[in-house]
Amino acid sequence: MTTTTATIKFAPVLPLRWLAWFGFALLLCIAPLVFNKGASLSLLSQMGTVMIFALSYNMLLGQGGMLSFGHAVYAGLGGFFAIHAMNLAAAGKIWLPITLAPLVGGLAGMLFGVLFGYVTTKKAGTPFAMITLGIGELVFSCSLMFPEFFGGEGGVSTNRVYGEKFLGISYGPQIEVYYLIAFWLFVSAIGMYAFTQTPLGRIINAVRDNPERAEFIGYDTQWVRYMTLILSGFFAGISGGLSAINFEIVTAENVGAHASGAILFFTFIGGAGYFFGPMIGAIIGVFMTVMLSDFTKAWHLYLGLFFIIIVMYAPGGVARVIMQNLRVVEYGKFGRVWRSMTAVSASTLLAFFGAVIGIEMLYHLTLESANGTTRKLFGIMVDTAAAPGWLVAGTLLAIGAIGFRLALPGFRRAWGEVNAEIEEQIRRAA
Amino acid sequence: MSNLSVELQDVRKSFGKSEIIRGANLKVPKGERFAIIGPNGAGKSTLFNLISGRFPVSSGDIKLNGKSILGLKPFEINRRGLSRSFQITNIFHRLSVYENLRCAVLWSLGYKYSFWHRLNGLKDTHERAEQVLEQIGLRRRRDTLAGLLTYAEQRALEIGITIAGGADVILLDEPTAGMSRSESDAAVELIRKVTVGKTLLMVEHDMSVVFGLADKIAVVVYGEVIACDTPANIRNNAKVQEAYLGGHAPVAEAGG
Amino acid sequence: MEFTLVTLLNGLSYGLLLFMLSSGLTLIFSMMGVLNFAHASFYMLGAYFAYTISLKIGFWPALIIAPLLVGLLGAAVERFGLRAVHKFGHIPELLFTFGLSFVIVEMVQMIWGRAAVPYPIPAVLDGPLFTLFTTHFPMYRGFMMLIAVLMLASIFLVLTRTRIGLVIQAALTHPDMVEALGHNVPRVFMLVFGGGCALAGLAGVIGGNAFVTEPGMAATVGSIIFVVVVVGGMGSLAGALLASLLIGVLQTFAVALDYSIATLFSSIGAMVTPQTFGYPVLKLTISQIAPIMPYLLLVLILIFRPRGLMGVREG
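Note that residues are indexed from 1 along each chain, following the sequence as it is written. Lettering for chains starts from A, numbering for ligands starts from 1, and both go in the order in which the items are written. Where totals are concerned, whole chains, interfaces and linings use all residues; where local detail is concerned, this predicted model gives features only for residues with pLDDT of at least 70, and gives and counts side-chain atom pairs only at 80 or more.

1. Thoughts on the interface of chain A and chain C
Remark: residues whose backbone-derived C-beta atoms lie within 7 Å of one another are considered to be in contact. Between chain A and chain C, the contact holds 34 residues from the first and 37 residues from the second. A run of H or I in DSSP becomes a helix once it reaches four residues, and a run of E becomes a strand once it reaches two; helices and strands are each numbered from the N terminus. Elements supplying a minimum of two residues to the side of chain A that touches chain C: α5 (125-145), α13 (299-313) and α15 (334-368) of chain A. Per-element accounting of the side of chain A that touches chain C gives the leading share, 14 residues, to α5(A). Three categories are distinguished: nonpolar for Ala, Val, Leu, Ile, Met, Phe, Trp, Tyr, Cys and Pro, charged for Asp, Glu, Lys and Arg, and polar for the others, with Gly belonging to the last. Per-class residue counts for the side of chain A that touches chain C are 23 nonpolar, seven polar and four charged.

2. Topic: the pairing of strand β10 (residues 224-229) of chain B
All names here are of chain B. Paired strands are those between which DSSP finds at least two bridges. Two elements, strand β9 (residues 216-221) and β10, share five bridges in a ladder whose sense is antiparallel. Bridged to V221 within β10 is E224. Hairpin connection from β9 to β10: two residues lie between these consecutive antiparallel strands, with Y222 at a positive phi of about 50°.

3. Some points on the interface of chain B and chain A
In this complex, chain B contributes 39 residues to the contact, which on the side of chain A involves 29 residues. For the side of chain B that touches chain A, the secondary-structure elements that each account for two or more residues are α2 (74-79), β6 (82-84), α3 (97-106) and α4 (123-135) of chain B. With six residues, α4(B) is the largest single contributor of residues to the side of chain B that touches chain A. A class-by-class count of the residues in the side of chain B that touches chain A yields 15 nonpolar, 13 polar and eleven charged.

4. Side note on the packing of helix α11 (residues 257-270) of chain A against helix α14 (residues 317-330) of chain A
Residues and elements named next belong to chain A. For the pair α11 and α14, the least separation of the axes is 3 Å and the interaxial angle reads 5°. Comparing their axes, α14 and α11 come out roughly parallel. Residues F268, I269 and G270 of α11 lie in contact with α14, whose contacting residues are G317, V318 and A319. For the contact of α11 with α14, a count of residues per class yields four nonpolar, two polar and no charged. For helices, the axis comes from a line fit to the C-alpha atoms of the stretch in contact; other axes are also lines fit to C-alpha atoms, and the angle between any two N-to-C directions lies between 0 and 180 degrees. Angle categories: roughly parallel below 35 degrees, roughly antiparallel above 145, roughly perpendicular from 65 to 115, and oblique for all the rest.

5. Remarks on unusual backbone geometry
Residue and element names in this part refer to chain B. Positive phi, normally seen in glycine, also occurs at D10, with a value near 45°. Residue classification places D10 among the partly exposed positions, given that 13 C-beta atoms sit within 10 Å. If you check the backbone angles, N65 has positive phi at about 50° while not being a glycine. In this fold, N65 is placed in the loop between β4 (59-64) and β5 (67-68). Burial in this document is a count-based property: other C-beta atoms within 10 Å of a residue's C-beta are tallied, and the residue is buried at 20 or more, exposed at 12 or fewer, or partly exposed in between, with C-beta positions derived from the backbone.

6. Quick notes on the pairing of strand β2 (residues 18-29) of chain B
All names here are of chain B. Here strand β1 (residues 4-15) runs beside β2; their pairing, made up of nine bridges, is antiparallel. When the sheet's bridge partners are listed, V6 is paired in β2 with V28. Taking the residues that link successive antiparallel strands as the turn, the β1-β2 hairpin has two residues, and the phi of G16 there is positive, at about 70°.

7. Overview of the domain arrangement of chain B
As far as domains go, chain B holds domain 1 (1-81 + 169-174 + 199-256) and domain 2 (89-166). Domain boundaries shown here were taken from an automatic or database domain assignment. Measuring from the centre of the C-alpha atoms in domain 1 of chain B to the corresponding centre in domain 2 of chain B gives 28 Å.

8. Some points on the packing of helix α1 (residues 2-32) of chain C against helix α5 (residues 139-161) of chain C
Residues and elements named next belong to chain C. The interhelical angle for the contact between α1 and α5, taken along N-to-C directions, is 35°, at an axis separation of 9 Å. In this structure, α1 meets α5 at a crossing whose hand is left-handed. When α1 is examined against α5, the residues N10, L12, S13, L16, L17, F19, M20 and S23 are found in contact with a partner set consisting of R141, M144, M145, A148, M151 and I155. Residues of the contact of α1 with α5, tallied by class, amount to ten nonpolar, three polar and one charged. Handedness of a crossing is defined here by the sense of rotation of the near helix relative to the far one, left-handed for an anticlockwise turn of less than a right angle and right-handed for a clockwise turn.

9. Quick word on the confidence of the model for chain B
The predictor reports its confidence for every residue as pLDDT, a score running from 0 up to 100. For chain B, per-residue confidence averages 86 on the pLDDT scale, and residues scoring 70 or more make up 94% of the total. Considering only residues more than four positions removed or in separate chains, one finds that residues 247-256 of chain B, a stretch of pLDDT under 50, has 16 contacts.

10. Things to note about the sheet that holds β1(B)
All names here are of chain B. Across the sheet, which stays open at both edges, the four strands sit in the order β2-β1-β4-β5 with antiparallel pairing between neighbours. A single partner strand is all that each edge strand has here, and the edge strands are β2 and β5. Of the strands in this sheet, β1, β2 and β4 touch helix α1 (residues 44-51), which is tilted by about 70° from β2.

11. Quick word on the sheet that holds β10(B)
All names here are of chain B. Read across the open sheet, the six strands follow the order β6-β7-β8-β3-β9-β10; overall the sheet is mixed. What marks the edges here is a single partner per strand, and that holds for β6 and β10. Taking the axes of each pair of neighbouring strands and ignoring which way they run, one obtains an average angle of 20° across the sheet. Of the strands in this sheet, β6 and β7 (169-173) touch helix α5 (residues 151-164), which is tilted by about 160° from β7.

Right, here's the structure in full:
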């Protein structure tokens, strides 16, 4: 009759997977040795916590198709509970080594997942998104109403150096905090990856693809979403706890719409369709928010524009772009696209420069003209009120835009042809 | 215990002011293959939607294995042993064919909402999914994303998902819609194979499929079941001829 | 008595403003399935455009020009931005509008600065409309209500009595069929999107000087109108009206009431002190929880009536 397999053969992909995880662990260990400037360590630490947060968010977005505008409540509330627990431990009232503090955050996040998730998962799709927005606003407003717990405007602070040293680690120096974060990141990433290999993890994918069909194979879709949200809240809470340790402060901003919007940006930019996408998004996002703000006041605007461009031209995120290009290279067809790709990229870059110049000048004019109208742009002194700067900006923008419009069809055609051929090859090989 | 798998008692359904189902009565004994035919707009798909819990009835009763299933949600009805396919292919397009089938068996094998079992280590789900994969003839496409299959392959997968869970009562909504002659024949063979020992309810327009598979035919016109009998008797039924077959018997005489 | 009447009127005018905003949102959502996250941003743009125009020309021209400008901008956004994202599905559409809302706020800050701008009520409308007992009811509030009601009536008339209205209604549920009948459905979409944005802009013109015109105004009102749409029932204009008025009146009443559970207790003789268990919750006055009332309503509706007050279908 049928050929039933007695044992499950390990797919040849598996060794590759082990290698990837080992490589990831290695990377985590040696990163601070490579990027050893003072500020870099703090940046790496931040990226680590945001990575966990983004991965937890992708449990909802990428795996469940659930767009949430209020995910920061789980991370933020986790952070608040963790920081209070740490303060209690520092006062000697409870036993909680810092190493385990993120777990308190995780449990808090999970608890609120149980509480809020019951209400939010009653709907799906767009209504769900709006409900999460409402709940997020609710929590944020509540956090300002109860200063006893949330610390009011100033938030709640702590000192992470308390208690006895654990194996000589006091968590005072940033490097020790980094390795704590790296440890939790690795453990959480494994946990969230393992989730994707469980029945619930697979069924949430089915619910994402076709909720109606999922009901007809015996699953209560609301319950599936609810449980996934609870688990996602757990990991978000861990990231909140780590953030509390890293910054030694948690404020109402940690549960606010801004934080929720940011993690949505980062995860989507990174790529919701791949497990590692959110991690890339976290790196890019933290980099932009921390580093870019040193160079320009308009970084907020740039982040928003970048996000829109990704939505319009690369909705699969950076991860997808990378994987697609890798696939083209793998099939040896890159030679057919690199010319048109360069044309598109060059014109985009030109337009980008023009836009940046214009935006920077405009920002300077409206927000800083009290100090005079000249400023330094790319090393050149520019008078933002005079014409030449604007002419340059406008010309670059125009040339770039026109070039983009001209180069895009050619690129689209070449790209489409190449990918169609690759897919045909895959289909035939099956 | 009732020996009727599905029973409709004076079922009525209105959408707003229009009454689509106007008192439908049907008795489907266990293990029999029923085909539901009727002119377009007669309410065949609506009946399916009512039985499977997609819409609530306006009045009347629907019984599954003797117990009323009014007001139950689709997943509750499914857990009581009824599974259905859809007219417009309804699969998990971002999962592979194998994953589609594996999802379909998870609940029936008792894994429910587990997030502590390792999927790839579950031998029983693997074996059952492979078994169905073989039955529907999609072994070659095991790891292809379901959204990339051809239309006929997707219809076959649709049937596979429907029967994978081991339900006793199978509802197939126009399973051969849009298929060529040879594809339909293959589908009929598949349906015959996989519904051995089960109760089958099938909405169909293709008469050769109907006369080839069905033990009994129920004819639905304007929201009522006007006749329910063996294929031979239906062919000779004057009411049916007038309402549906247009006064003459179908050309294909494929068994009876 | 006086307090109740005045607060009721104020609540109604605020509720009608909310409705002006949420009606456009509902229309766009029903029509195109896309929830325009940037809707409140267009409201803000309406206020800012009106400010600049009324500075240069006057308020009355601004009343006409500003919404038109915003509508044009909205149509352009649909044509050159949203349309490209259509094919990716609803979530990318929502994300596009989300990113757009972000960018609009940034650009407004870039052009007009971060502080609130002094967008004034025109002198001819400034002053009491009538006097209830001892309180003046501002003329401008009455003007707002008038505009809102006119707007409502004209939407209703356009949708039910004109040809384009019929096409829009048809395209609401069967865009493909309408296109097959020869109507330029993409252009209809652009029209509806632009129209919805223009409505938001109009709301901004009259709301911006009644309340404050600043970069944060979009965020403040944005989340509330989403609550309105969910509470009213997705896709239902009548529900949006009901929910807007309900929330408007509730919030306006709440802001004026300074009672808390603690005061309730003390009125029956049980004293509540800082040592009482749960004191932080007990001492909260109604006016303090006024900001979160819409969200509490949202949670209640979701638990007890998930399809909304007048929801047409299961979300």
